[in-house]
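What follows is the residue order along each chain.
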Amino acid sequence: MSNQAASAAERRRRRVPYLLLAPGLIYLVIFYAVPMSQLVVTSLKEGSLERGYEFTGNIESYVDVFTTYLPQLRNSLLFAFSATVMGLLIAFPLAYAIAFHTGRWKNMFLLLLLMPFLVPFLLRTLAWKVILADQGLVVGGLKTLRILPESGRLLETGWAILAGLIYNYLAFMTLPIYVSLDKIDPALLEAANDLYANARTAFRKVTLPLAMPGVISGTLLTFIPAAGDYVNVELLGNPQKTMMGNVIQSKFLVVIDYPAAAAISFTLMALIVALVAIYVRRVGTEELLV
Amino acid sequence: MNKARWFYRIVLGVGLLYLYIPVAMVIAFSFNDLTGRKNVSWQGFTLRHWADPFKIPNLADSVVNSLTIGFLSALVSTVLGTMIALALVRYRFKGRASANLALFLPMASPEVVMGSSLLALFIVLGASRGYGTVLIAHILFNLSYAVVTVRARIVGFDRHLEEAAMDLYANEWQTFRRVTLPMIMPGVAAAFMLAFALSFDDFVITNFNSGSLQTFPVFVWGAAKRGVPPQVNVLGTMIFGVTVLAMVVYMVLSGRKIAAKK
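Before going into details, it helps to say that this report is about the structure given with it.

1. Overview of helix α6 (residues 131-155) of chain B
Part 1: With 25 residues, α6 of chain B extends 36 Å between its outermost C-alpha atoms, agreeing within 8% with the 36 Å of an ideal straight helix rising 1.5 Å per residue.
Part 2: Maximum bend of α6 of chain B: about 30 degrees, positioned at N142 of chain B.

Shown next as structure tokens:
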């Protein structure tokens, strides 16, 4: 092969990754980046649906986010945080048991873990309405145990919202934790044992650090959707205890107020990006993606 | 030691019970012989909802919309996602880190934000909301997941086979068609199925961009205010059954292939 032909082939080869990337990335720019910037532009507009909206650089919508909608902001963060912590407490033992104590039935248990999430999301959430109903077994049981007062109920309380959030996102928590636990080389635990570490020390010094990437992606994959959720609140909670998602939804689709909705939406995104950035610093995007 | 074994059995048992009680509820209430509108308390067993699951015309239409949108969005996102995954794993090039970030951001965005930002764009463009806008939205949120799924498959794959094909005078396209694609096919198929499932089940992003179009979740949401008809539970149970079956078949088939290779 002549030198010229070789360099032409080399040049062509260098173009290949860009050609492969182009269609998808252009799609992301048009339908992700542009809409995101549109959100910012909209949030700085003034006006009403009848008169139309005009870009004035008005930041009043953002002032509202931290004054009028502060309770919703607080609820979003509080519910998402509680759901993440409680989800982790349920998911970790479950993932650990599947990874280390199911032997040759491991794949079957993994399948059993994922299957419930094939039931449509809204139906899963509505099922909790039946489970936590006022005449239901759960409320009855809690009343018998005197945990709940005689007139107490779970539906339309924060507990019902939390129950829905934890359940709906449990697969996103359990699966990444399982994946990092499953990767752990048993030789490492044997080595810890040989070096006179007891089971607890081995868990703390070997298993837990190696499970951290899974724990971090799991908590992110729960926190992010939970912070933006409005479905669980709407179906299981009450109108007095709403989250940012509810305000975004209602201001965009019901009582039309685009600038306010856009400002809340962008604030939520910014908060989450800030949070994720702290995590990404620690583990790097590559690991989070795989 | 034995105490530990019992502990993990209990963890698994309680965990699975917790996971499956809501599933059992959904299935059970598809057989509920209810009289009123609210399908929330047990009133007796019947098969009549199963005999005619498409009794409600809007419900049937919404399922058809969800199926076609699921198929089309999965197809487009899997093709685009596979191309991106190939580029990211096989090539070292400038801008690779930014491409990774661009793919990560949509996955880090809450659905309300993604849905509402798209709506903001469609409002500015004056685009009427409906089938097209929902399809655009679904391809968008499926894309990153498709990349991640295919990429996981490409990472562990032996490049020497491609080099061998090239040595035997196969051109790049032939190598891709005859060597690369068959090897990454399980990942591509998994990406397609995941994308289809995500699309079929999406409510939040769809709700922002659907206008008057009804998909299955949009129908359920609308019905939830008045009381969900038991036919919805019948369809939910069918969806659950079909996808479980598909998953089991896929796992058995890919398990057999791995066994055959060994």
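2. Notes on the packing of helix α1 (residues 3-43) of chain A against helix α5 (residues 111-125) of chain B
Helix packing for two helices is described by the angle between their axes and how far apart those axes are.
Part 1: Between α1 of chain A and α5 of chain B, the shortest axis-to-axis distance is 8 Å and the interhelical angle comes to 80 degrees. With respect to α5 of chain B, the element α1 of chain A is oriented roughly perpendicular. Residue-level contacts link F31, V34, P35, M36, Q38, L39 and T42 of chain A of α1 of chain A to S116, S117, L118, A120, L121 and V124 of chain B of α5 of chain B.
Part 2: Residues belonging to the contact of α1 of chain A with α5 of chain B are distributed by class as follows: nine nonpolar, four polar and no charged.

3. Some points on the pairing of strand β2 (residues 52-55) of chain A
All names here are of chain A.
Part 1: In the sheet, strand β1 (residues 45-48) pairs with β2 via four bridges, with the strands oriented antiparallel. The residue of β2 that forms the bridge with K45 is F55.
Part 2: What sits between β1 and β2 in their antiparallel hairpin is a turn of three residues.

4. Comments concerning the nonpolar core
Part 1: Core analysis: the biggest nonpolar cluster contains 139 residues, and A95 and I264 of chain A together with I84 and V220 of chain B have the highest contact counts within it.
Part 2: No other element matches the 12 residues that helix α3 (residues 57-90) of chain B contributes to this core.
Part 3: Sequence-distant contacts of I84 of chain B, defined by excluding residues within four places in its chain, comprise L20, L21 and G24 of chain A together with V147 of chain B.

5. Points about the interface of chain B and chain A
Part 1: The interface is formed by 66 residues belonging to chain B together with 70 residues belonging to chain A.
Part 2: Listing elements by their share of the side of chain B that touches chain A, those giving two or more residues are α1 (2-28), α3, α4 (96-108), α5, α6, α9 (204-209), α10 (216-226) and α11 (230-261) of chain B.
Part 3: With 12 residues, α1 of chain B is the single largest residue contributor to the side of chain B that touches chain A.
Part 4: Of the residues in the side of chain B that touches chain A, the class split is 54 nonpolar, nine polar and three charged.

About the criteria used
Sequence order as written defines the numbering, with residues in each chain counted from 1. Labels follow written order: the first chain is A, the first ligand is 1, and so on. Totals for whole chains, interfaces and linings use all residues, but because this is a predicted model, local features are given only for residues with pLDDT of at least 70 and pairs of side-chain atoms are given and counted only at 80 or more. In DSSP terms, a helix is any run of H or I states spanning at least four residues, a strand is any run of E spanning at least two, and both are numbered starting from the N terminus. By definition here, a helix of n residues has an expected span of 1.5 Å times n minus one. Two axes are fitted around each residue, one to the seven residues ending there and one to the seven starting there, and the angle between them is reported as the bend at that residue. Geometry is summarised by axes, namely lines fitted to C-alpha atoms with helices restricted to the contacting stretch, and by angles between N-to-C directions that run from 0 to 180 degrees. Working rule for angles: under 35 degrees goes down as roughly parallel, over 145 as roughly antiparallel, 65 to 115 as roughly perpendicular, anything else as oblique. Contact between two residues is assigned whenever their backbone-derived C-beta positions fall within 7 Å. Only Asp, Glu, Lys and Arg are considered charged, only Ala, Val, Leu, Ile, Met, Phe, Trp, Tyr, Cys and Pro nonpolar, and every remaining residue, Gly among them, polar. Whether two strands pair comes down to DSSP finding at least two bridges between them. We call a set of buried Ala, Val, Leu, Ile, Met, Phe, Trp, Tyr and Cys residues a nonpolar core when their C-beta atoms link them within 7 Å. Counting other C-beta atoms within 10 Å of each residue's C-beta, where C-beta atoms are placed from the backbone, gives the exposure class: buried for 20 or more, exposed for 12 or fewer, partly exposed between.

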